[in-house]
Amino acid sequence: MNTRGSRTLPTVEDTEALGRELAEELQPGDLVILDGPLGAGKTALTRGIAAGLGVIGRVSSPTFIIARQHRASADPGSIALVHVDAYRLGGDLDELDALDLDTDLHDAVVVVEWGLGVAEHLADRHLRVQLRREPDSDIRTAEWEWLSAT
């Protein structure tokens, strides 16, 4: 997988498959920031990332609890995942910092939905994934790239 790319995602399964591909390049300590409107596929992409990392348990949107931790399986190479939904934080950096995610960054991959402009400070670099949904369609597009914190 390149440091940047784009893809059309006609189905939810395609979105999850992209997540699995992205996961092949992720290591403990990596931060992934997902951006896009409601229904763009952020949680579907996270499900794919989780499958690619080999985590235990079902992945669903953490909207009402803000963050979910998913343990790594016993399989070699499995990596834990912390899945955060920053939407309800409303850009409040203090609330995000209160989640103590920088501690998790050493041992897990952290995926932050609605994290653009909020979570970049958590790591020296992050994978930004912009998801879009075509109007009146199930077709989505994804653009991703690794960015350094500035």
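Residues numbered from 1 in each chain as written. Predicted model: local features only at pLDDT ≥ 70, side-chain atom pairs only at ≥ 80, totals over all residues. Heavy atoms only, no water.

Caption draft 1: Region of the structure containing the side chain of Gln130. Note that Gln130 resides in strand S6 (residues 125–133). Here Gln130 falls in the buried class, since its relative accessible area comes to 12%. Residues in contact with Gln130, not counting those within four places in the same chain, are Asp35, Gly36, Thr141, Ala142 and Glu143. (Helix = DSSP H or I, 4+ residues; strand = E, 2+ residues; numbered from the N terminus. Buried < 20%, exposed > 50% of the residue type's maximum accessible area, 1.4 Å probe, protein only. Contact = heavy atoms within 4.5 Å.)

Caption draft 2: Quick look at the nonpolar core. Judged by nonpolar contacts, the single largest core of 24 residues is most densely connected at Val32, Leu53 and Val129. Going through the elements one at a time, helix H1 (12–23), strand S2 (31–35), helix H2 (42–53), strand S5 (108–113), S6 and strand S7 (140–148) are the ones with two or more residues in this core. The element contributing the most residues to this core is H2, with four residues. When residues no more than four places from it in sequence are discounted, the contact partners of Val32 are Leu26, Ile49, Val109, Val110, Val111, Val112, Leu127 and Val129. Listed in part, the 11 residues of the second largest apolar core include Leu31, Ile33, Val110 and Leu122. (Core = buried A, V, L, I, M, F, W, Y, C linked by side-chain atoms within 4.5 Å.)

Caption draft 3: Here's a closer look at the pairing of strand S4 (residues 80–85). When you tally the buried positions in S4, you get five out of six residues, the bulk of the element. Where S4 lies against S5, six bridges are found, and the strand directions are parallel. Bridge pairing in S5 links Leu81 to Val109. (Pairing = 2+ DSSP bridges.)

Caption draft 4: View of the packing of aromatic side chains. Inspection of every chain in the model, using the stated rule, returns zero aromatic pairs. Between Arg125 and the ring centre of Trp146, over which it is positioned, the NZ or CZ distance is 3.8 Å. (Phe/Tyr/Trp six-rings, centres within 6.5 Å; stacked < 30°, edge-to-face > 60°. Lys NZ or Arg CZ within 6 Å of the ring centre and 35° of its normal.)

Caption draft 5: How the structure looks around the environment of Arg7. By secondary structure assignment, the location of Arg7 is in strand S1 (residues 4–9). The class for Arg7 is partly exposed, based on a relative accessible area of 28%. Residues Arg7 and Leu18, 11 residues apart in the sequence, show an inter-C-alpha distance of 8.5 Å. Engagement of the side chain of Arg7 in a polar contact is seen with the side chain of Glu21, the distance being 2.9 Å. (Polar contact = N/O pair within 3.5 Å; in protein donor to acceptor, adjacent residues only side chain to side chain.)

Caption draft 6: Structural detail: the environment of Arg132. With respect to the helices, strands and loops of the structure, Arg132 is situated in strand S6. The partly exposed category is assigned to Arg132, whose relative accessible area is 38%. The spacing of Arg132 and Gly39 is 93 residues in sequence and 8.6 Å in space, taken between C-alpha atoms. Those residues within four positions of Arg132 in sequence are excluded, and the remaining contacts are Ala40, Ile139, Arg140, Thr141 and Glu143.

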